[in-house]
Amino acid sequence: MKVIDADAHVEESVATWQYLEPQFYPRRPIPVTLPQDTSWGKWNAVWLIDKKVRQAAANPTTMELAQSKGISVPSQELTSVPARLGDLDLFGIEKQVIYPSAWLGCLAEDVELEAALAKSYNEFMSTQCTQSGGRLMYAAVLPFRQPQTAVDEIRNVRKMGGAVSIFVRGMEWDMPVNHPSFFPIYEEAERQNLAIAVHIGFGSPAISRMFEGLAGLPDERPFIPPRGRLLVSGLLIQYAFNGIITAGLMEEFPKLRWVFLEAGSEWMVPAVRIVERSDNRQIRKHFEEGRLFASCEPDENLPYLMNEFGEDWLVVASDLPHADDFHHDRPEEVFRQRGDLSESQLRKLLCDNAARLYGL
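These notes cover the structure that comes with them. No experiment lies behind these values; they were computed from the predicted model shown.

Glancing now at the sheet that holds strand β11 (residues 258–261). Across the sheet, 8 strands lie side by side as β1-β5-β6-β7-β10-β11-β12-β13; this open sheet has parallel pairing. At either margin of the open sheet sits one strand with a lone partner, and together these are β1 (4–9) and β13 (314–315). As defined by bridge partners, strand β12 (residues 292–295) adjoins β13 across 2 bridges and the pair is classed as parallel. Across the sheet, residue serine 295 finds its bridge partner in β13, namely valine 315.

What follows is about the packing of aromatic side chains. Each aromatic ring pair is described using two quantities: the centre-to-centre distance and the angle formed by the ring planes. Under the defined criterion, the tally for this structure stands at 15 aromatic pairs. Look at phenylalanine 241 and phenylalanine 260: their rings are 5.5 Å apart centre to centre, the planes differ by 75 degrees, and that puts the pair in the edge-to-face class. Of the two residues, phenylalanine 241 is situated in helix α8 (residues 229–246) and phenylalanine 260 in strand β11; the sequence distance between them amounts to 19 residues. Ring geometry for phenylalanine 309 versus tryptophan 313: centroids 5.4 Å apart, planes at 80 degrees, classification edge-to-face. This pair shows no difference in class: phenylalanine 309 is buried, exactly as tryptophan 313 is. One aromatic cluster is present, built from ring pairs that chain together Trp17, Trp47, Trp103 and Tyr121. In this structure, arginine 28 is placed above the aromatic ring of tyrosine 25, and the distance from its NZ or CZ to the ring centre is 4.1 Å. Geometry around tryptophan 173 places arginine 145 over its ring, the cationic atom sitting 3.9 Å from the centre.

A word on the pairing of β1. Counting buried residues along β1, 6 of its 6 residues qualify, which places the element largely inside the surrounding structure. Alignment of β1 against strand β5 (residues 95–99), held across 4 bridges, turns out to be parallel. From the neighbouring strand, isoleucine 4 faces β5, where its bridge partner is lysine 95.

A few words on the nonpolar core. General note: in soluble globular proteins, nonpolar side chains tend to be found buried as a group. Among the nonpolar cores identified, the biggest contains 104 residues, and Trp103, Tyr186, Trp258, Phe260 and Met268 are the most heavily contacted of them. Apart from residues lying up to four places away in sequence, tryptophan 103 is in contact with Glu12, Trp17, Glu114, Leu117, Ala118, Tyr121, Val141, Phe167 and Arg169. The next biggest cluster of nonpolar side chains, apart from the first, holds 15 residues, and it includes Trp43, Val46, Met63 and Ile224.

Here the focus is the packing of helix α4 (residues 111–129) against helix α5 (residues 147–160). Between α4 and α5, the least distance of the axes is 10 Å, while the angle of their chain directions is 10 degrees. Put simply, α4 runs roughly parallel to α5. Crossing handedness for the pair α4 and α5: right-handed. Each of Ala115, Ala118, Lys119, Asn122, Glu123 and Ser126 in α4 lies in contact with α5, whose residues at this interface are Thr149, Glu153, Asn156, Val157 and Met160. Looking at side-chain class alone, the contact of α4 with α5 contains 4 nonpolar, 4 polar and 3 charged residues.

In this fold, serine 132 is placed in the loop between α4 and β6 (136–140). At a separation of 3.3 Å, a polar atom in the side chain of serine 132 contacts the main-chain amide nitrogen of arginine 135. Excluding its chain neighbours within four sequence positions, the residues that come into contact with serine 132 are Val81 and Leu85.

Let's shift gears to the environment of valine 157. Among the structural elements, valine 157 can be located in helix α5. Separated by 17 residues in the primary sequence, valine 157 and alanine 140 place their C-alpha atoms 7.2 Å from one another. Once residues lying within four places of it in the same chain are set aside, the contact partners of valine 157 are Asn122, Tyr138, Ala140, Ala163 and Leu194.

So, about the packing of helix α10 (residues 268–279) against helix α12 (residues 302–309). In contact at an axis separation of 11 Å, α10 and α12 are set at 25 degrees when each is read in the N-to-C sense. Overall, the two elements α10 and α12 adopt an arrangement that is roughly parallel. Between α10 and α12 the crossing geometry is left-handed. Every residue of α12 that contacts α10 at Met268, Val269, Val272 and Arg273 is listed here: Tyr304, Leu305, Glu308 and Phe309. Its residues assigned to classes, the contact of α10 with α12 shows 6 nonpolar, no polar and 2 charged.

A separate point is the sheet that holds strand β4 (residues 52–54). The strand order across the open sheet built from 3 strands is β2-β3-β4, with neighbouring strands paired in antiparallel fashion. Both outer strands of the open sheet, β2 (30–33) and β4, are each paired with one neighbouring strand and no more. If you compare each strand with its neighbour and ignore which way they point, the axes differ by 40 degrees on average.

Moving on: the pairing of β6. Buried residues dominate β6, accounting for 5 of its 5 residues. Taken together, the 3 bridges between β5 and β6 define a ladder with parallel strand orientation. Bridging across to β6, isoleucine 98 finds its partner in tyrosine 138. Summarising the sheet, β6 and strand β7 (residues 163–169) pair through 3 bridges and their orientation is parallel. Paired with tyrosine 138 across the bridge in β7 is alanine 163.

Analysis parameters
Residues numbered from 1 in each chain as written. Predicted model: local features only at pLDDT ≥ 70, side-chain atom pairs only at ≥ 80, totals over all residues. Heavy atoms only, no water. Pairing = 2+ DSSP bridges. Helix = DSSP H or I, 4+ residues; strand = E, 2+ residues; numbered from the N terminus. Phe/Tyr/Trp six-rings, centres within 6.5 Å; stacked < 30°, edge-to-face > 60°. Buried < 20%, exposed > 50% of the residue type's maximum accessible area, 1.4 Å probe, protein only. Lys NZ or Arg CZ within 6 Å of the ring centre and 35° of its normal. Core = buried A, V, L, I, M, F, W, Y, C linked by side-chain atoms within 4.5 Å. Contact = heavy atoms within 4.5 Å. Axes fitted to C-alpha atoms, helices over the stretch in contact; angles between N-to-C directions. Parallel < 35°, antiparallel > 145°, perpendicular 65-115°, else oblique. Left-handed = near helix turned anticlockwise from the far one by under 90°. Nonpolar A, V, L, I, M, F, W, Y, C, P; charged D, E, K, R; others polar. Polar contact = N/O pair within 3.5 Å; in protein donor to acceptor, adjacent residues only side chain to side chain.

Below you can see the structure in the form of structure tokens.
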């Protein structure tokens, strides 16, 4: 079966920033490697950007963990397209949509620097993905605090090629995704036939600051605010979904497709029912029309979810090359092992739904 991986990642490297305009090059992100015997453990590398250490899941590949993943560093960084394609062949993946790692956190308070970093990232990803013979695609990143610049960048990435979606976190710099200032971005994404992908991430500095000074729990990852993992990331996906629906964005942009990534999919049932109960909106038709999607996990109750919203909205993700709870090297293998999905359901889950989502 030709598997389409709906959510993989790139681990950004110094090569990612090679397209920075000359005036921003002295302010380029610098990887800093830490001693291996600190509280950072194997996550012993960070980015220095805009005079601050950036650590929210944005670790460069100089860290110890990157060397021990079993996936080559050039593949992780996408500095070698053949290396990444070799990993796809190894894991039984035909096509892959690649999301950022550094942008899981907020990269630069300076809006002009952030926009320049986004532009360089997109050019790097486009350059690499267009060498893959159509097997690699990517999610473009945008400076949401500069909507007109973001609109111009959408047009730019469409012209360069390779982009199939726009990356957005559950909040963008403390602003909800249904903020009216973002509407020109959604309008242009709809015009350019790019999906909007709401991905877990640390897009609210204000919420993250709530956890400053707290002692972490055992085995918490050092780049996540202590005791704040679910609130600073996962729950914001559900918050974004509710805002998108209740603010009428599905009606405002009737051709725009939305996907919710790396937060599972079972939460969608109570989320839909809450809106139906309080707002009386006809949400379920959007699943049928191919406008609402979510990535699912192999341990979720998929027959129940398919019964609720149909078989055409769930997609699968490898999360490659990350090494966290959502990581599945061989998507087809782990979903086939369940034993309760038909061939037709597997084909939709592993291929057809992602093709519909990304307009492939």
